[in-house]
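Structural overview
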Amino acid sequence: MLACDCQGCSERCSARSRNATAAAALKAVRSAPKSVDSSLGGLSRSSTVASLDTDSTKSSGNSTSEICAEFRVKYVGAIEKLQLDMSKTLHEPLDLINYIDAAQQDGKLPFVPGDEEMILGVSKHGVKVASLDQCDVLHRHPLFLIVRMLCYDDGLGAGKNLLALKTTDPKQEGCSIWVYQCTSSEQAQSICKVLSASFDCALMSDKS
């Protein structure tokens, strides 16, 4: 599940120049060191299973020339176009988790997703969410616009994990939060690890 041969994604594994462009854009939005936390902890609703802050020069040691993996997830919902002031308050993982909790309590996000499964693909170009047959692309999150990805237990007792993706806009004037449900903590951690390797790949290409 962690690795694939980059099949079914037209934007994957394209020319080296496109990767260098994404890496350069990634450096433009970088402002602080990144940390990757893979501690399993107690798996409570407020405990982070895995957290990826994309502003970093630290390598995970898993980089390859082409990082590509696909996972079956369900879409919970999104809170889009948050203002810059609000975005700044959501820097730490626990801040983001608490914000999502509050949004669910207020009815801005559902507690459980719909029944439809989707394919979440991670590559050196970013994250793409598509229908199972790959015919319809629902969301695209370019690598250089991803600020943080984290996953944690949804607290509903079924062993499901939520995957939260915080993205910014090209002008860094705000952020959006995208929430997906994973089948397990192992799947959620795998997504974070592959994304971390994708950032490493982009940074290495930029240096070469």
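Described below are features of the structure shown in this document. (Residues numbered from 1 in each chain as written. Predicted model: local features only at pLDDT ≥ 70, side-chain atom pairs only at ≥ 80, totals over all residues. Heavy atoms only, no water.)

So, on to the overall build of the protein. When helices and strands are tallied, the protein shows 4 helices and 9 strands. In the protein, the order of α-helices and β-strands from amino to carboxyl end is α-β-β-β-α-α-β-β-β-β-β-β-α. Taken over 208 residues, the protein has a buried fraction of 49%. Relative to all contacts within the protein whose residues are 6 or more apart in sequence, the contacts with residues 24 or more apart total 68%. Accessible surface, the protein: about 9700 Å² in total, of which carbon and sulfur atoms supply 51%. (Helix = DSSP H or I, 4+ residues; strand = E, 2+ residues; numbered from the N terminus. Buried < 20%, exposed > 50% of the residue type's maximum accessible area, 1.4 Å probe, protein only. Contact = heavy atoms within 4.5 Å. Areas by Shrake-Rupley, 256 points an atom, 1.4 Å probe, with all protein chains shown as cover.)

The next thing to look at is the packing of aromatic side chains. Taken as a whole and assessed by the stated rule, the structure comprises 1 aromatic pair. A ring pair is formed by Tyr 75 and Tyr 180, whose centres lie 5.5 Å apart and whose planes are at 45°; its orientation type is tilted. Of this pair, Tyr 75 sits in strand β3 (residues 68–83) while Tyr 180 sits in strand β9 (residues 174–182); the two residues are 105 residues apart in sequence, bridging distant segments of the chain. The class of Tyr 75 is partly exposed, set by a relative accessible area of 24%. (Phe/Tyr/Trp six-rings, centres within 6.5 Å; stacked < 30°, edge-to-face > 60°.)

The next point concerns helix α3 (residues 93–105). Residues three or four positions apart in an α-helix share a direction because the helix packs 3.6 residues into each turn. For α3, which comprises 13 residues, the first-to-last C-alpha distance of 19 Å matches the rise-based estimate of 18 Å (1.5 Å per residue) to within 8%. Of the residues making up α3, those classed as buried are Pro 93, Leu 96, Ile 97, Tyr 99, Ile 100, Asp 101, Ala 103 and Gln 104. Of the residues trailing α3, Gly 107 is marked for its positive phi of about 85°. (Expected span 1.5 Å × (residues − 1).)

Among the 8 residues of strand β8 (residues 161–168), 8 are classified as buried, and the element is accordingly described as predominantly covered. By the alternation rule, side chains of β8 split into Asn 161, Leu 163, Leu 165 and Thr 167 and Leu 162, Ala 164, Lys 166 and Thr 168, which are all buried. Sheet topology note: the strand β7 (residues 146–153)/β8 ladder contains 7 bridges and is antiparallel. Across the sheet, residue Ile 146 finds its bridge partner in β8, namely Thr 167. Two strands pair when backbone bridges link them, and β8 and β9 are joined in this way by 8 bridges, in the antiparallel orientation. (Pairing = 2+ DSSP bridges.)

Let us look at a nonpolar patch on the surface. On the surface, a nonpolar cluster with roughly 260 Å² of combined accessible area is contributed by Phe 111, Val 112 and Leu 156. Looking at the element boundaries, Leu 156 is found in the loop between β7 and β8. (Patch = residues over 30% accessible without salt bridge, like charges linked within 9 Å, V, L, I, M, F, W, Y side chains within 5 Å. Salt bridge = Lys/Arg side-chain N within 4 Å of Asp/Glu carboxyl O.)

A separate point is the nonpolar core. Grouped together as the largest cluster of nonpolar side chains are 24 residues, with contacts concentrated most on Leu 120, Leu 163 and Ile 191. The greatest single-element share of this core, amounting to 7 residues, is contributed by helix α4 (residues 185–207). Residues within four places of Leu 120 in sequence aside, it is in contact with Ala 69, Glu 70, Phe 71, Val 73, Val 127, Lys 128, Val 129, Leu 163, Tyr 180 and Ile 191. Counting 17 residues, the second largest nonpolar core, distinct from the first, contains Val 76, Leu 96, Leu 150 and Cys 175. (Core = buried A, V, L, I, M, F, W, Y, C linked by side-chain atoms within 4.5 Å.)

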